[in-house]
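Here is what each chain is made of, one letter per residue.
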Amino acid sequence: MKSSEKLTEEIKKLYKKKEGKEMSDSEAQEATNNLIGLADLLFDIAIRDQRKKKRLKTEPKGFPVDGQYSCIICGCGIDEVNGWYDWNGNKCSLCQKALDTGVVPSFICHNSDSYIKTWQLKSDLGLHIQTVKKYVREGKLVAREILNEDGKVHEYIFLKKENPNLIIKFNPIRKSYDRHRDKKHRKWVREEMKNMKLNKKIKS
């Protein structure tokens, strides 16, 4: 039996164990082909990555990317014209400049959990871009600004270590909790004041 046929059988067994029903031969074959294709893709990426790292030994400052990629910082599409590769990975020219000039630290290229981008503030915390800009102006948020050629903001980078209260302060769930807590506190104060007045009348 060929290795791909063994893989197909394993996929069918795993599917039955997890779903409790049989997978058709055509579905199993499609899943096998997809898995093999993914493995081939990952292997090719690993080989290309090793070649690039080897090239960095003779070109330590980096070189243009060799195809279509996404910037590791802002996520924009890059190619040989506007993309650069070095020990910090693939970046667009704007983010590369921000790194070179110290606007953003290099560790964000290796730890995506160390910072938050504007779109995450909107999707995760419900903060509109105009609200974000307002908070930046007011100093409620500390932003590293990556600028474009016209001097306008290309991307805001919010380092978590510079915004330790970001998630707590602006999280809608936390805000709801705080409102509920404050409401209960005000109610308690009103009741205490009422009791104090009542006790005062009784004593008098």
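Preceding block: the structure.
Keep in mind that this is a model prediction, so the values were computed, not measured.

The rules we used
Residues numbered from 1 in each chain as written. Predicted model: local features only at pLDDT ≥ 70, side-chain atom pairs only at ≥ 80, totals over all residues. Heavy atoms only, no water. Helix = DSSP H or I, 4+ residues; strand = E, 2+ residues; numbered from the N terminus. Buried < 20%, exposed > 50% of the residue type's maximum accessible area, 1.4 Å probe, protein only. Contact = heavy atoms within 4.5 Å. Areas by Shrake-Rupley, 256 points an atom, 1.4 Å probe, with all protein chains shown as cover. Pairing = 2+ DSSP bridges. Axes fitted to C-alpha atoms, helices over the stretch in contact; angles between N-to-C directions. Arc of directions from axis to C-beta. Core = buried A, V, L, I, M, F, W, Y, C linked by side-chain atoms within 4.5 Å. Patch = residues over 30% accessible without salt bridge, like charges linked within 9 Å, V, L, I, M, F, W, Y side chains within 5 Å. Salt bridge = Lys/Arg side-chain N within 4 Å of Asp/Glu carboxyl O. Phe/Tyr/Trp six-rings, centres within 6.5 Å; stacked < 30°, edge-to-face > 60°. Lys NZ or Arg CZ within 6 Å of the ring centre and 35° of its normal.

### Section: the overall build of the protein
Item 1. A tally of helices and strands in the protein yields 7 helices and 8 strands.
Item 2. Taken over 204 residues, the protein has a buried fraction of 28%.
Item 3. Taking as baseline every contact in the protein between residues at least 6 positions apart, the subset at least 24 positions apart corresponds to 42%.
Item 4. With the model as given, the accessible surface of the protein reaches about 14,800 Å², and the carbon-plus-sulfur share is 54%.

### Some remarks on the sheet that holds strand E8 (residues 153–159)
Item 1. Ordered in space as E6-E8-E7, the 3 strands form an open sheet in which the pairing is antiparallel. Each having just a single partner strand, strand E6 (115–117) and strand E7 (144–147) make up the two edges of the open sheet. Ignoring which end each strand starts from, the neighbouring axes of this sheet average 30° apart.
Item 2. As paired strands, E7 and E8 are joined by 4 bridges and run antiparallel to one another.

### What to know about helix H5 (residues 129–138)
Item 1. Residues of H5 that are buried include every one of Val132, Tyr135 and Val136, and no others. Around the axis of H5, the buried residues are gathered within 100° of arc, so they sit on the same side.
Item 2. Positive phi shows up at glycine 139, right after H5, with a value of about 85°.

### Details of the nonpolar core
Item 1. Ile73, Ile108, Ile146 and Ile157 are the most contacted members of the largest nonpolar core, which has 21 residues in total.
Item 2. Elements with a minimum of two residues in this core: helix H3 (93–100) and E8.
Item 3. In terms of residues, this core owes the most to one element, H3, which gives 4 residues.
Item 4. Apart from the residues lying within four places of it in its own chain, the contact partners of isoleucine 157 are Ile73, Val104, Ile108, Tyr115, Ile116, Lys117, Val142, Ala143, Arg144 and Ile146.
Item 5. Residues Ile116, Leu121, Leu125 and Phe158 belong to the second largest nonpolar core, which totals 11 residues.

### Concerning a nonpolar patch on the surface
Item 1. Taken together, the side chains of Leu35, Leu38, Leu41, Leu42 and Ile45 make up a nonpolar region of the molecular surface, amounting to roughly 450 Å² of accessible area.
Item 2. Relative to the helices and strands, isoleucine 45 resides in helix H2 (residues 25–56).

### Some details on the packing of aromatic side chains
Item 1. Evaluation of the coordinates by the stated rule reveals 2 aromatic pairs.
Item 2. Ring centres 5.6 Å apart and planes at 40° place the aromatic pair phenylalanine 63 and tyrosine 85 in the tilted group. Here phenylalanine 63 is found in strand E1 (residues 63–64), whereas its partner tyrosine 85 is found in strand E4 (residues 83–86), with 22 residues between them in sequence.
Item 3. Lying over the aromatic face of tyrosine 85, lysine 52 brings its terminal NZ or CZ to 4.4 Å of the ring centre.
Item 4. Across the ring face of phenylalanine 63, the terminal group of arginine 55 is positioned such that the distance to the ring centre comes to 3.9 Å.

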